[in-house]
Every structure is written in structure tokens, then in C-alpha cells.
Amino acid sequence: MSQTEQRDTSRTDDTTELAVELRNVGVAYGGGRGRRSDRFVAVADASFTVGRNELVAIIGPSGCGKSSLLSAIAGLVPFTGDLRVIGEPVDGPGVNRGFVFQAASLLPWRTVLRNTTYGLELRGAPRASRTRAAEQALALVGLTEFQDSYPKQLSGGMQQRVNFARALAADPPVLLMDEPFAALDAQTREHLQTELLSIWELTDKSGIFVTHQIDEAVLLADRVVVLSRGPRSSVARIIDVPLPRPRPADVRSDPKFLRTVAELRSLLDAFYQEG
């Protein structure tokens, strides 16, 4: 076992410092009516933790089950093993998790403000409190002046910022993000990466970020979980990102950043060479 993996295991001993815990978690699809042989096993065994105020990225070869694992943590798909968020077993979606999808999926007939309050409305939050929370979230993502606009009036990057604001307005302790910048152009993507770094410094959230971009994982995360090749993937490595927070604008040229990107790229290249 590597030094990094030993350190990660030791964190599970102090559950008061953990936001998310996965022990031998598996995700499979199909195989109805007891036909286990027909199941597609996306993830066979995943074990790792996310500390309080920590952002962990998940990367891996295409088809390794990154999104399936994130959906299990969100309580959206069945899983095996032990999965806990803020110490509570996951048995479905919960208010202790917010989910930022790859597509903004905004309601076109609602303004930016009312899209941001939507989740709180579903929970029955009073109008005044949900409006206040939405306004604070929109200020955090820099969209205060657009709160009365409609989605069609926004750029793709602005729509995705509304997507983030909607998740932040509900104030969950854990934020789950499934490749939220994948559909954006390179310039917008880089801008939103910088914004997410700023948001992380201003909030007390813990989070998991799925991405297929190695440099994005290193830029944003405190640690990177590397899944092996799928199907039946598992956690192959857990790599610490040796970069301080807050991270400066020129962090991408830091030798530690470049070395970590190279290490992760080498790991992924090895998985592809195996096939």
C-alpha cells in the first residue's frame, strides 16, 4: 500500500472530520429478477474518503464508471457496500448533497432568480428565505445583475453559473459535480475553473468533482482518485495535490502542478496500453 493510500485509510478513523466515506462500494446495472449473471458491473470496489472542506477529483479511463460512482454518492442509483455522507448512510437523495450536472438544465420559463430558488421551493422553504439564499448564491457566482433574465438570454457559461448557484442556494455541506464544464469552450471553461476556486475559498463546502481533464483535476482538487479501467473498475491510486490554497493565477506553470499532471497522465496511459 502506498503512503498516500495509508494516509487516506487513517482518515476514516476520525469520522468527525469526514464529509464522505466509501467502503467497498460497487455499482451495477441490469440483472433483474435475480439474474445476477446479466448485470453490468460499472464499479466493482471503490474505497476512499473526502474530508471536511476538501475537494476530491475522480478521473479514470473512458467508461470506468466515474459518473456511476458519483450518482451512487448522490443516492440516484443502487449500490453495494457502505456509503456515508456527513456520517449518515446514503439510502437515496438527501439535503446534505447538492448535485451540479454537466448540462445546466434550467427551466426556460423561469428567471435566473426563480431557477435558483427552485430546489428550495420543492422543499417548501418560505419565499423570503429562499429568495435571500438565491440572491446570495447569485452574488457568489457573479450574476446579481442578471437575476431577472431568462436562460435564453444567457451564454452557456452564464447558464452553468446559474446551475452552480442553484446548488449553492440550498447550502448543502457536500457538493457533487459531474463534469460541469465539459460542454463549454476552452476560454469559458478556464474562467469558470477560476471562479470555482474562488467559491471554494469563500465557502465551507466539501466536494467531489468528476472530470476527464487531468489538468482540471490537479487545478481544482486537494486529492485525485484514479479509477482503473472499466468495467468492474476499482480505485487504483489516490494522489495528493501538493499545491497550497488559495491557488494563484499562475499555478498552472508551477513545477509541482506540472509534475502531478505528468504523474496522472502516465497512470492513465498505462491503463490504455493494457488494452
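Going by the structure above, here's the rest.
Now for a description of the structure that goes with this document. Everything numeric here is computed off the predicted structure, so don't read it as measured data. (Residues numbered from 1 in each chain as written. Predicted model: local features only at pLDDT ≥ 70, side-chain atom pairs only at ≥ 80, totals over all residues. Heavy atoms only, no water.)

Here the residue pair glycine 230 and proline 231 is connected by a cis peptide bond, since its omega of -5° sits within 30 degrees of zero. Its location among the elements puts proline 231 in the loop between β9 (223-227) and β10 (233-240). Omega for the peptide link from arginine 245 to proline 246 comes to -5°, which places this bond in the cis form. Checked against the element boundaries, proline 246 lands in the loop between β10 and α9 (255-274). Phi angles above zero are rare outside glycine, and serine 105 is one such case at about 50°. Within the secondary structure, serine 105 sits in the loop between β6 (97-100) and α3 (112-116). Not every positive phi belongs to a glycine, and arginine 232 is a case in point at roughly 60°. Turning to its location among the elements, arginine 232 is positioned in the loop between β9 and β10. Residue classification places arginine 232 among the exposed positions, given a relative accessible area of 55%. (Helix = DSSP H or I, 4+ residues; strand = E, 2+ residues; numbered from the N terminus. Buried < 20%, exposed > 50% of the residue type's maximum accessible area, 1.4 Å probe, protein only.)

This next bit is on the nonpolar core. Looking at soluble globular proteins, one finds that nonpolar side chains tend to be buried together. Core analysis: the biggest nonpolar cluster contains 53 residues, and Met177, Val224 and Leu264 have the highest contact counts within it. Here this core gets seven residues from one element, more than from any other, and that element is helix α6 (residues 156-169). Residues contacting leucine 264, with those up to four places away along its chain left out, are Ile59, Ile214, Val218, Val224, Val226 and Ile239. Grouped together as the second largest cluster of nonpolar side chains are 31 residues, Val25, Ile58, Val90 and Val235 included. (Core = buried A, V, L, I, M, F, W, Y, C linked by side-chain atoms within 4.5 Å. Contact = heavy atoms within 4.5 Å.)

A word on the side chain of glutamate 195. Summarising the element assignment, glutamate 195 is placed in helix α7 (residues 186-202). For glutamate 195, the residues in contact, after removing those within four places along its chain, are Val141 and Arg161.

Where strand β2 (residues 40-51) and β10 come together, two bridges link them in parallel fashion. Each bridged residue has a counterpart across the sheet, and for aspartate 45 the counterpart in β10 is serine 234. Where β9 hands over to β10, the hairpin turn is made up of five residues, of which arginine 232 adopts a positive phi near 60°. (Pairing = 2+ DSSP bridges.)

With that settled, the discussion passes to the packing of helix α5 (residues 127-140) against α6. Contact pair α5 / α6: the axes reach a minimum separation of 8 Å and the direction vectors enclose 135°. When the axes of α5 and α6 are compared, the pair comes out oblique. The two elements α5 and α6 cross, and the hand of that crossing is right-handed. Residues Ala133, Ala134, Ala137, Leu138 and Leu140 of α5 lie in contact with α6, whose contacting residues are Ala165, Leu168 and Ala169. In terms of residue class, the contact of α5 with α6 is built from eight nonpolar, no polar and no charged. (Axes fitted to C-alpha atoms, helices over the stretch in contact; angles between N-to-C directions. Parallel < 35°, antiparallel > 145°, perpendicular 65-115°, else oblique. Left-handed = near helix turned anticlockwise from the far one by under 90°. Nonpolar A, V, L, I, M, F, W, Y, C, P; charged D, E, K, R; others polar.)

For the rest of this paragraph, the subject is α6. Working note: α-helix, 3.6 residues per turn, so residues spaced by three or four point in the same direction. Across its 14 residues, α6 extends 20 Å between first and last C-alpha, which sits within 8% of the 20 Å expected from 1.5 Å per residue. In terms of burial, α6 is a largely internal element, twelve of the 14 residues being buried. Along α6, the residues classified as buried are Gly157, Met158, Gln160, Arg161, Val162, Asn163, Phe164, Ala165, Arg166, Ala167, Leu168 and Ala169. Immediately beyond the C-terminal end of α6, within one or two residues, lies aspartate 171, with a positive phi of roughly 55°. (Expected span 1.5 Å × (residues − 1).)

Let's shift gears to the sheet that holds strand β8 (residues 206-210). Read from one edge of the open sheet, ten strands run β5-β4-β1-β2-β10-β9-β3-β8-β7-β6, paired in mixed fashion. Bordering the open sheet on either side are β5 (88-89) and β6, each of which pairs with just one other strand. Two strands pair when backbone bridges link them, and β9 and β10 are joined in this way by five bridges, in the antiparallel orientation. Directly across from leucine 227, in β10, lies its bridge partner valine 235.

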